[in-house]
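# What the coordinates show
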Amino acid sequence: MVNNLMPWVGGKYRLRKQILKYFIEDVKQYVEPFVGGGSVFLMAYSTFKECNDFILSDNNANLINAYCQIRDNLSEVIKTIQLLEHERYYEIRKQFNSSFNECSPQQAGTMLWLMGSCFGGVWCLNKKGEFNTAKARKFKNKIKYFKRLQELSTILQDPRIKILHQDFHVTLNNIDIKPNSFFFFDPPYIKGGGFLGFGIQHHELLLDWCKYLNEMGACWLMSNAGDEIETMYIDFIIDKKWVQRTCGYSIISKNFTKEYWIRNR
Ligand SMILES: C[S@@+](CC[C@H](N)C(=O)[O-])C[C@H]1O[C@@H](n2cnc3c(N)ncnc32)[C@H](O)[C@@H]1O
């Protein structure tokens, strides 16, 4: 079974089974506006069998291009990955940065290959906004990986799924909200202050959306971290979780950090 597109910074791959316990029943519309590596979406997809609509979005253009090309041009994506050589990692990374945000199967294949070959499988940008994670292991087990991509491609071709390159606010503005809509929010956390340019004003806007969705009778669940959460979300249900920090698929610290899982029902 395919569990995600790729490991992602802040990805919920390891926590997805715990998140599953918070899913409500009878969801007809599932919305995830910070989809990242998609591990929660894939679990939602296999859980909400009666759901008519899966709306996935993220403001990372390269990431959304990868989803769209896997859906529409998988053979070209695979062809690109097959041609890339570990010894040329830094040259390939430079080429990728020179066509940053381009919508093409080559850009998608190169991104997937870089993520499978870089240190910790982590998407990391420098101050100029270029992908700059260092080279690590050789891209391994391509046959198994291509099988997973094929499986993901079949899922993404389901006409009930919409994949959008958008800011979360735009996505939420365009949704026809219904009482059986379920929203999963996994934004860059407040803790750390302004990660990925997502500052306190974005969190305040997201809070306004949460209040509005609640008034409209929809259900939402959010993962976040930072002491401000307890005051900001005082009107909602907050569970504290102690989790280990991960990088790609690996746990990188023995220590546990506090996260908040907030929901309106
Ligand atoms: C913590 S990650 C989500 C991880 C995801 N739940 C997973 O399991 O892989 C946060 C995501 O929010 C996206 N993001 C950051 N700012 C955004 C914005 N203003 N609008 C939409 N997406 C945004 C990032 O590109 C990133 O993919």
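Structure's up top.
I will try to describe carefully the structure that is included in this document. (Residues numbered from 1 in each chain as written. Predicted model: local features only at pLDDT ≥ 70, side-chain atom pairs only at ≥ 80, totals over all residues.)

## Looking at the overall build of the chain
Looking only at helices and strands, one finds 10 helices and seven strands in the chain. For 265 residues, the compact-globule estimate of 2.2 N^0.38 gives 18 Å, and the C-alpha radius of gyration of the chain, at 18 Å, lies within 12% of that figure. The principal-axis extents of the C-alpha atoms in the chain amount to approximately 55 × 40 × 30 Å. Counting the 265 residues in the chain, one finds 36% classified as buried. Once local pairs closer than 6 in sequence are excluded, the contacts in the chain between residues at least 24 apart make up 70%. (Helix = DSSP H or I, 4+ residues; strand = E, 2+ residues; numbered from the N terminus. Rg over C-alpha atoms; globule rule 2.2 N^0.38 Å. Buried ≥ 20, exposed ≤ 12 C-beta atoms within 10 Å, placed from the backbone. Contact = placed C-beta atoms within 7 Å.)

## Considerations on the packing of helix α3 (residues 61–72) against helix α6 (residues 105–117)
Closest axis-to-axis distance for the α3/α6 pair is 8 Å, and the angle between their directions is 110°. By the angle between their directions, the pair α3 and α6 is classed as roughly perpendicular. Handedness of the crossing formed by α3 with α6: left-handed. Of α6, the residues touching α3 (which contributes N62, N65, A66, Q69 and I70) are P105, Q107, A108, M111 and L112. For the contact of α3 with α6, the class distribution of residues is six nonpolar, four polar and no charged. (Axes fitted to C-alpha atoms, helices over the stretch in contact; angles between N-to-C directions. Parallel < 35°, antiparallel > 145°, perpendicular 65-115°, else oblique. Left-handed = near helix turned anticlockwise from the far one by under 90°. Nonpolar A, V, L, I, M, F, W, Y, C, P; charged D, E, K, R; others polar.)

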